[in-house]
Structures are given as C-alpha cells and as structure tokens.
Amino acid sequence: MQKKLFIIWFITIMLVIVLFPKTEKDDVYLGVENEYPYIEVTIVGEVYFPGTYTFFKDITYKDVIDQAGGLTINANTEVINYQKAVTTNTTITIESKEKSEHDIAIMVNINEASFADLLTIPYMTETKAANIIIYREKNGAFKSIEDLVLVKYIGTATLEKIRPYITI
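Fair warning: this is a prediction, and the values are worked out from it, not measured in the lab.

Rules behind the numbers
- Residues numbered from 1 in each chain as written.
- Predicted model: local features only at pLDDT ≥ 70, side-chain atom pairs only at ≥ 80, totals over all residues.
- Heavy atoms only, no water.
- Helix = DSSP H or I, 4+ residues; strand = E, 2+ residues; numbered from the N terminus.
- Buried < 20%, exposed > 50% of the residue type's maximum accessible area, 1.4 Å probe, protein only.
- Polar contact = N/O pair within 3.5 Å; in protein donor to acceptor, adjacent residues only side chain to side chain.
- Contact = heavy atoms within 4.5 Å.
- Pairing = 2+ DSSP bridges.
- Axes fitted to C-alpha atoms, helices over the stretch in contact; angles between N-to-C directions.
- Phe/Tyr/Trp six-rings, centres within 6.5 Å; stacked < 30°, edge-to-face > 60°.
- Core = buried A, V, L, I, M, F, W, Y, C linked by side-chain atoms within 4.5 Å.
- Expected span 1.5 Å × (residues − 1).

> Sorry, what's going on with the side chain of Thr 125 here?
Mapped onto the elements of the fold, Thr 125 is located in the loop between helix H4 (115–119) and helix H5 (126–139). Of the residues examined, Thr 125 reaches a relative accessible area of 18% and is grouped as buried. Polar contacts involving the side chain of Thr 125 include one to the main-chain amide nitrogen of Lys 128, which spans 3.2 Å. Apart from the residues lying within four places of it in its own chain, the contact partners of Thr 125 are Lys 84 and Leu 119.

The structure is reproduced here in structure tokens:
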C-alpha cells in the first residue's frame, strides 16, 4: 500500500514538473533604474561624425573620439587628455587650432569666473572647476595664482598648465 502511494506521489510530482514547468518571468518594478547602466556622450567640434553616442561600459576620451570617426585635421590635439575617463553623461568639445590660438589671449579671472567660465580654461575639468568655486566661497578670494595649489585636485603640474590662461 505504501509502495503504491509512493509511486502515485512520484508520478504526480513528475507530471506537475513536465506539464507546468517553472518559467522565468521578468519582474517589472516601477521606479527602478535600468539594470544595464549606460553613458550618453555628446561630442561636438573637430571630429568627423559629431553627435550623441551611447556606451555601456567605462570609456575614455579616446574611445569617444574613435567612435566619432576620429579627429579632423583642424583639431587642437595639444589640449586633449586621451586617457581621461568618462563616467557620467557629458558633452565633449574638440576645439580647432584656430579657435585655441585666440583663446590664449583671453585670461580668466579665477576670483570672478563662473563655473562655465572656468571650464573654458584648457586642462580644466569639471571637478577642478567646482573645487575652485567651493574653495573660493569657503576661504574668500585668491590672493595669488599660487594659492590654487591649496585647492583639492590642483597640484603644481596642473597649475603650470593653466597658468597662461588665468589671472587674479
């Protein structure tokens, strides 16, 4: 009797497994971010195919430039940091050689410059510009250009690169 019950129980379990297989369903949760994060980068200026590109992994400026078909002959390659990582949605502007020669004559006053003004300085990143503004609001105006080394993420090497473009 127990043997018959065991066989019936076993056959029932097998039929349930065969007739009603467990299907994987995609759970949809409202308000939850996409499980495949991506970065949208807009590149404009001296590239062959300017536009917005979507990446699903960490990338560098070189990756974005390559995706956009490479640099044109007029691109100013001296101010491009090819190894700079792109981790958020951003816009990259590749300047022409002619434009950058005119920009050298324009000095940016670091005590009065807005965030956007600071970003016009070659070799200036968003992080460095934000830290300059934070330092300036916390400690007051810079007394000399050398005071920039007191700002987080700005060392002597960066200061020497941006020195021709800034004033007090």
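That was the structure; now back to the text.
> Can you walk me through the sheet that holds strand S5 (residues 90–94) in this structure?
Strand-to-strand pairing in sheets goes through backbone hydrogen bonds, with the strands running parallel or antiparallel. Strands sit in the order S2-S1-S5 across an open sheet of three strands; the sheet is mixed. Of all the strands in the sheet, just strand S2 (51–55) and S5 have a single pairing partner and so form its edges. Taken pair by pair, the neighbouring strands of this sheet meet at an average axis angle of 25 degrees, ignoring direction. Bridge count between strand S1 (residues 39–45) and S5: five bridges; the pairing is parallel.

> Any chance you could explain the packing of aromatic side chains here in plain terms?
Within this structure, the stated rule accounts for four aromatic pairs. Between Tyr 135 and Phe 142 the ring centres are 5.3 Å apart and the planes differ by 15 degrees, which places this aromatic pair in the stacked class. Put simply, the rings of Phe 6, Trp 9 and Phe 10 pair up and form one aromatic cluster.

> Where do I start with the environment of Thr 72 in this structure?
Mapped onto the elements, Thr 72 comes out in the loop between helix H2 (61–67) and strand S4 (85–86). Through-space distance from the C-alpha of Thr 72 to that of Val 47 is 5.3 Å; in sequence the pair is 25 residues apart. Setting aside its immediate chain neighbours within four residues, Thr 72 contacts Glu 46, Val 47 and Tyr 48.

> Even after reading the chapter, I still don't get the nonpolar core, so can you show me in this structure?
When a protein is soluble and globular, its nonpolar side chains tend to lie buried together. If you look at the biggest cluster of nonpolar residues, it comprises 19 residues, and the most contacted ones within it are Leu 118, Ile 121, Ile 132, Phe 142, Leu 148, Val 151 and Ile 166. Once residues within four sequence positions are removed from consideration, Ile 166 is found in contact with Met 107, Val 108, Ile 110, Ile 121, Ile 145, Leu 148 and Leu 159. Ranked by size, the runner-up nonpolar core spans 16 residues in total, among them Ile 43, Ile 59, Val 64 and Ile 92.

> Before we go on, may I ask you to explain H5 in this structure?
Since the α-helix packs 3.6 residues into each turn, any two residues three or four apart lie on the same face. The end-to-end C-alpha distance of H5, which contains 14 residues, comes to 20 Å, matching closely the 20 Å that a straight helix rising 1.5 Å per residue would cover. Buried residues of H5: Lys 128, Ala 129, Asn 131, Ile 132, Ile 133, Tyr 135 and Arg 136, and no others. The secondary structure elements touched by the buried residues of H5 are H4 and helix H6 (156–162). Remark: Gly 140 follows H5 within two positions and exhibits a positive phi of approximately 90 degrees.

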